[in-house]
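Residue strings, one per chain:
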Amino acid sequence: MSRILIIDLTDKSIKEEAVPAGRYGRGLAMELIRRHSKEGCERLSPDNTFVVVPGLLTGCHVPCATRATVAARSDNGFAVTSITGDMPQKLASLGISGLVIKGRYECGRCAVYMDGDAVRIFPVPGMDGLTCGDIVENIRKKYGSDCAVIGTGPAGDMRLPLSGLFTTYPEGTPRFTCPRSSFGDVPGSKNLRAVIVKCNKYFGAECADEERLIRDGKAMARLIIDDPICGGALPGLGSITILHLLKNKNAIPELPKGKKPCRPEKAGRLNYCCAPGCVIGCLNRHSAGNGHVFSAPEEAEVRAAMAHCFGELSEEELDRTASALSKRGMSLGLNATEFVYTAAMYIELTKLPKTSETLLSLIEETARGSVPGRLIGGGTAALGRLYPDREDIQRRVTRPANTKDSERRMSLHKLCPELGDIGDLELLYRQIFIMENLGLCIFSSFALINRPEAMELMARLYSCRTGEAVTPVQLLEYAGECLAAEADMAKDSAAASVRRSIPEFVKVLYRYFGEE
């Protein structure tokens, strides 16, 4: 039986409630925020909530259905991201459709643990100052290598805006990742060190018609694998593919013939997929013909940021420094990509040498929590607030990907004649929300978005999971309701300036599905 868990860290209470009718995925996450947090509360207030909601198909035998939505209130309405790893599927396999954590633990830091028999809150002394990797190691040593964990590291403890969550992978290399778009300051402000899920199943979610779901899931897998990006470039070269597509929608890189996948030295068991059921596999892949391997997409993003901001460095130095920054950022639970952009601004403003040594010293300042380190840990927005009179600085402040919606010109199929009045950009956003509501990996969007047969499959999979018939039009309508609800939440905030919170990945989709 699917249920919502409500955990209050202040009074240490644990309650259950039924899933609101007709709500699932990202839409459910926003509904839980509205129900369980005070409107207008500050981002780091105990009144805020930290919500984790697996996608509707997560925990089922559906390819690439490995995601969960993580959300909280924020100063601009709300913060929301999508995470993968082994947590979402195991959470769904326990029959948990949503996890709401509110309040603040006042006796040090704590962990929330759940398995098939119990849910507990308990203190976790001795982990302050540990890296994310050491925290994962400590938890898995105690609870088993098969437990799934999300949590915060040193950057989250300092409640830095650039802090992120760490989320574990199945046992292997890499052991965990820190998604660029995630946020660690909210759980950090609750003194929540980790959420631990102990479950031996990845595909334990209840399905009304599992036999038909598996059959339709195989059909979806074929769509994904046959796509030249999802089935070729991404598993062959990894996330460097995305950087090529950002430059040119037709620049789909090909793996050189006869080229075998590289293996990092002393890698042991490698994870090529972030979770069981993924049919793409973009971890531990080539970045280019130079043989360098990025263990996770975040590492490729750091390298791209380095090339953009420090292009005067040699290719070898860019590779070496980007790798060091990525590893250090992961250990701190820090968004290393945004760190690079912010550090570049700081170096320019303070006239420091524009060298790799300076960059590496600045990330250590952030690790120590010094004044310069905390300033850089505040992101480009923090520096921008210090220089409201400098247009050159304001232009470099990181903005949401969809800030310039009105300038986008898309070219999509009219998937449903009944929704003919919907513009192409709105149609793109609704399809993105369908994927997030269902828990599908955003990388599979190249194969699934703008394809009528994919929409039909997603509708059938919904029906197999729930036992309720649904059409593609209804999936799109629910996605539209979710978009509208989030817009209303943003309007409730005086600081809100952007109508929608769309994944940063949309920048690639703007290019891929945009007009020539």
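A brief report on the enclosed structure follows.

Basis of the calculations
- Residues numbered from 1 in each chain as written.
- Predicted model: local features only at pLDDT ≥ 70, side-chain atom pairs only at ≥ 80, totals over all residues.
- Heavy atoms only, no water.
- Salt bridge = Lys/Arg side-chain N within 4 Å of Asp/Glu carboxyl O.
- Helix = DSSP H or I, 4+ residues; strand = E, 2+ residues; numbered from the N terminus.
- Buried < 20%, exposed > 50% of the residue type's maximum accessible area, 1.4 Å probe, protein only.
- Polar contact = N/O pair within 3.5 Å; in protein donor to acceptor, adjacent residues only side chain to side chain.
- Pairing = 2+ DSSP bridges.
- Axes fitted to C-alpha atoms, helices over the stretch in contact; angles between N-to-C directions.
- Contact = heavy atoms within 4.5 Å.
- Core = buried A, V, L, I, M, F, W, Y, C linked by side-chain atoms within 4.5 Å.
- Lys, Arg positive; Asp, Glu negative; His and termini not counted.
- 1 Å grid on protein atoms, 1.4 Å probe; cavity = no way out; pocket = protein on both sides within 12 Å on 5 of 7 lines; lining within 4 Å.
- Points joined across faces, edges and corners; volume = space filled by probe spheres on them.
- Nonpolar A, V, L, I, M, F, W, Y, C, P; charged D, E, K, R; others polar.

## Comments concerning the pattern of salt bridges
And then number 1: Scanning all chains against the criterion turns up 28 salt bridges.
And then number 2: The closest approach of N and O atoms between Asp157 and Arg109, which form a salt bridge, is 3.7 Å. Taken together, the residues span a long stretch of sequence, with Asp157 in helix α4 (residues 154–157) and Arg109 in the loop between β6 (96–102) and β7 (110–114) at a distance of 48 residues.
And then number 3: For Asp157, a relative accessible area of 17% gives the class buried.
And then number 4: For Arg212, the salt bridge is made with Asp216, and the minimal N-O distance between the two is 3.9 Å. Of this pair, Arg212 and Asp216 are both found in helix α6 (residues 210–226), 4 residues apart, which corresponds to roughly one turn of the helix.
And then number 5: Judged by relative accessible area, which is 26%, Arg212 ranks as partly exposed.
And then number 6: The class of Asp216 is buried, set by a relative accessible area of 6%.
And then number 7: Linked by salt bridges that have partners in common, Arg109, Asp128, Asp157 and Arg193 make up one network.

## Overview of the side chain of Ser370
And then number 1: For Ser370, the position within the fold is in the loop between α12 (356–368) and α13 (371–376).
And then number 2: The buried category is assigned to Ser370, whose relative accessible area is 18%.
And then number 3: Of note is the side chain of Ser370, whose polar atom sits 2.5 Å from the side chain of Glu365.

## Concerning the pairing of strand β1 (residues 3–8)
And then number 1: Burial runs high along β1: 6 of the 6 residues are buried.
And then number 2: Bridge count for β1 against β6 is 6 bridges, and the pairing is parallel. Among the inter-strand pairings, Ile6 is bridged to a residue of β6, identified as Val100.
And then number 3: Here β1 pairs with strand β2 (residues 13–17) via 5 bridges, running antiparallel. Paired with Ile4 across the bridge in β2 is Glu17.
And then number 4: Hairpin remark: β1 followed by β2, antiparallel, with 4 residues in the connecting loop; positive phi at Lys12, about 60°.

## Quick word on the sheet that holds β2
And then number 1: Ordered by their spatial adjacency, 6 strands build an open sheet running β2-β1-β6-β3-β4-β5, and the pairing between neighbours is mixed. In this open sheet, the two edge strands, each paired with only one partner strand, are β2 and β5 (77–83). Recorded for the sheet is a direction-independent mean angle of 15° between the axes of neighbouring strands.
And then number 2: Bridging between strand β4 (residues 68–74) and β5 involves 7 bridges; their strand directions are antiparallel. Residue pairing in the sheet places Ala72 in a bridge with Ala79 of β5.
And then number 3: Against the sheet, helix α1 (residues 25–36) makes contact with β1, β2, β3 (49–54), β4, β5 and β6, and its axis sits at roughly 155° relative to β3, the strand it touches most.

## A short note on the nonpolar core
And then number 1: By size, the foremost hydrophobic cluster in this structure holds 66 residues, and its most contacted members are Val62, Met220, Leu428, Leu440, Phe443, Phe446 and Met458.
And then number 2: Among the elements of the structure, α6, α7 (229–237), α8 (240–247), α16 (424–438), α17 (445–448), α18 (452–466), α19 (472–491) and α20 (506–512) are those that each provide at least two residues to this core.

## Section: the side chain of Arg465
And then number 1: One can find Arg465 in helix α18.
And then number 2: We note that Arg465 is buried and unpaired, the nearest opposite charge coming from Glu206 at a distance of 6.3 Å.
And then number 3: Of note is the side chain of Arg465, whose polar atom sits 2.7 Å from the backbone oxygen of Glu206.
And then number 4: Beyond its immediate stretch of four places on either side in the chain, Arg465 contacts Ser2, Leu56, Leu57, Cys60, Ala205, Glu206, Cys207, Ala208 and Leu213.

## So, the environment of Glu338
And then number 1: Within the fold, Glu338 resides in helix α11 (residues 336–350).
And then number 2: By relative accessible area, Glu338 is classed as buried at 8%.
And then number 3: Separated by 158 residues in the primary sequence, Glu338 and Arg180 have C-alpha atoms spaced 8.1 Å apart.
And then number 4: Beyond its immediate chain neighbours, meaning those up to four positions away, Glu338 contacts Leu162, Arg180 and Thr398.
And then number 5: Within polar-contact distance, the side chain of Glu338 engages the side chain of Arg180 at 2.7 Å.

## Let's talk about the sheet that holds strand β10 (residues 166–168)
And then number 1: One open sheet holds the 6 strands; their spatial order is β8-β7-β12-β9-β10-β11, and the pairing between them is mixed. Two strands in the sheet have a free side with no partner beyond their single neighbour: β8 (119–123) and β11 (176–177).
And then number 2: Judged from the 4 bridges that link them, strand β9 (residues 148–151) and strand β12 (residues 192–197) form a sheet pairing that is antiparallel. For Gly151, the partnering residue across the bridge sits in β12 and is Ala194.

## So, empty space enclosed by the protein
And then number 1: The tally for this structure, following the rule as stated, stands at 4 cavities of 30 Å³ or more.
And then number 2: Roughly 80 Å³ of volume is contained in the largest cavity.
And then number 3: As for the largest cavity, its lining consists of Cys178, Arg180, Glu298, Val302, Ser326, Gly329, Met330, Leu334, Asn335, Ala336 and Thr337.
And then number 4: Among the secondary structure elements, those contributing two or more residues to the lining of the largest cavity are α9 (297–309), α10 (315–332) and α11.
And then number 5: Per element, the largest residue contribution to the lining of the largest cavity is 3 residues, and it comes from α10.
And then number 6: Grouping the amino acids of the lining of the largest cavity by side-chain chemistry returns 5 nonpolar, 4 polar and 2 charged.

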